[in-house]
Amino acid sequence: MKNRILITIFSLSTLLFSACANDDNYQTLKETLKTYEFTTTTTVSAVKTNSPFVVTDGPVSGFVPPVEITTDDIIEAYVTSSDEKGTFYKSVSFQTLPTDGSDPIGFSVPMNITTTYGKGFNPGRKVYIKLKGLYSGIVYGSLQIGSLFEGSVGRIAETEWQKHLFPSATVVNENDF
């Protein structure tokens, strides 16, 4: 009886360890993520300058809606949030990485996807954003870029975000922010 138990434990252990992923065949996000390289045509600063202060609550006279971006402009920014643990629900936070000594500009892009983890939005990754058809506005004091929803900046649809956000192969150290 004792031998039977030992043989069963040994067999189960062997099966368990042989079923684990082989490191040689395991593909990481870096190997499977499609990346893009575009030439930017405008800056986040210019988008922010052209964005109105959007009133987001209550009936207010003089309501200013977000502005639609109709040009084929592309901006770049670096991801500053991680949804690895589900803490940034349906939104990605970005900031610029200024090279001229100016202050970085932070902004968010709300998207109607449950998690952004594994889609190329890890902290430090450069992302290109094609702006045509999106809306921008200053909401609660912060720049937001997204779709129009009930007169304000809302989430980009799950079927649309991949037409606007493109991860780059460039990843910088988070300490460089």
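First things first, this report covers the structure right here in the doc. (Residues numbered from 1 in each chain as written. Predicted model: local features only at pLDDT ≥ 70, side-chain atom pairs only at ≥ 80, totals over all residues. Heavy atoms only, no water.)

## Focus: the pairing of strand S8 (residues 142-149)
Phase 1 of the analysis: With two bridges connecting them, strand S5 (residues 106-110) and S8 associate as parallel partners. Directly across from Phe-107, in S8, lies its bridge partner Leu-143.
Phase 2 of the analysis: The pairing of strand S7 (residues 135-139) with S8 spans five bridges and is classified as antiparallel. Opposite Ile-138, over in S8, you have Leu-143 as the bridge partner.
Phase 3 of the analysis: With three bridges connecting them, S8 and strand S9 (residues 152-154) associate as antiparallel partners. Within S9, the position partnered with Ser-147 by the bridge is Gly-154. (Pairing = 2+ DSSP bridges. Helix = DSSP H or I, 4+ residues; strand = E, 2+ residues; numbered from the N terminus.)

## A word on the nonpolar core
Proteins that are soluble and globular tend to have nonpolar side chains buried together.
Phase 1 of the analysis: Core analysis: the biggest nonpolar cluster contains 24 residues, and Phe-94, Phe-107, Ile-129 and Leu-165 have the highest contact counts within it.
Phase 2 of the analysis: Looking at this core, the elements with two or more residues in it are helix H3 (44-49), strand S3 (74-79), strand S4 (91-95), S5, strand S6 (125-130) and S8.
Phase 3 of the analysis: Ranked by residue count, the leading element in this core is S3, at three residues.
Phase 4 of the analysis: Filtering out sequence-adjacent residues up to four positions away, Leu-165 remains in contact with Phe-94, Val-109, Met-111, Phe-121, Val-127, Tyr-128, Ile-129 and Ile-156. (Core = buried A, V, L, I, M, F, W, Y, C linked by side-chain atoms within 4.5 Å. Buried < 20%, exposed > 50% of the residue type's maximum accessible area, 1.4 Å probe, protein only. Contact = heavy atoms within 4.5 Å.)

## Brief notes about the environment of His-164
Phase 1 of the analysis: One can find His-164 in the loop between S9 and strand S10 (165-171).
Phase 2 of the analysis: For the pair His-164 and Ile-129, spaced 35 residues apart in the sequence, the C-alpha separation amounts to 5.4 Å.
Phase 3 of the analysis: Contact partners of His-164, with chain neighbours within four places excluded, come to Tyr-128, Ile-129, Lys-130, Lys-132, Leu-134 and Ile-156.

## What about the pattern of salt bridges?
Phase 1 of the analysis: Here the structure, examined in full by the defined rule, presents three salt bridges.
Phase 2 of the analysis: Lys-126 is the salt-bridge partner of Glu-76, the closest N and O atoms lying 3.7 Å from each other. Taken together, the residues span a long stretch of sequence, with Glu-76 in strand S3 and Lys-126 in strand S6 at a distance of 50 residues.
Phase 3 of the analysis: Look at Lys-126 and you get buried, because its relative accessible area is 11%.
Phase 4 of the analysis: Note that Lys-163 and Glu-160 form a salt bridge whose closest N and O atoms lie 3.1 Å from each other.
Phase 5 of the analysis: Note on Glu-160: relative accessible area 30%, which makes it partly exposed. (Salt bridge = Lys/Arg side-chain N within 4 Å of Asp/Glu carboxyl O.)

## Description of the side chain of Ser-108
Phase 1 of the analysis: Mapping Ser-108 onto the fold places it in strand S5.
Phase 2 of the analysis: The buried category is assigned to Ser-108, whose relative accessible area is 12%.
Phase 3 of the analysis: Beyond its immediate stretch of four places on either side in the chain, Ser-108 contacts Ser-91, Val-92, Ser-93, Leu-143, Gln-144 and Ile-145.

## Things to note about the packing of aromatic side chains
Phase 1 of the analysis: Scanning the model with the defined rule gives six aromatic pairs in all.
Phase 2 of the analysis: Seen in terms of ring centroids, Phe-38 and Phe-166 are 5.2 Å apart; in terms of plane orientation they differ by 85°. Their pairing is edge-to-face. In this pair, Phe-38 sits in the loop between helix H2 (29-32) and H3 while Phe-166 sits in strand S10, placing the two residues 128 residues apart along the sequence.
Phase 3 of the analysis: By relative accessible area, Phe-166 is classed as buried at 9%.
Phase 4 of the analysis: Within the aromatic cluster, the residues linked to one another by ring pairs are Tyr-36, Phe-38, Tyr-128 and Phe-166. (Phe/Tyr/Trp six-rings, centres within 6.5 Å; stacked < 30°, edge-to-face > 60°.)

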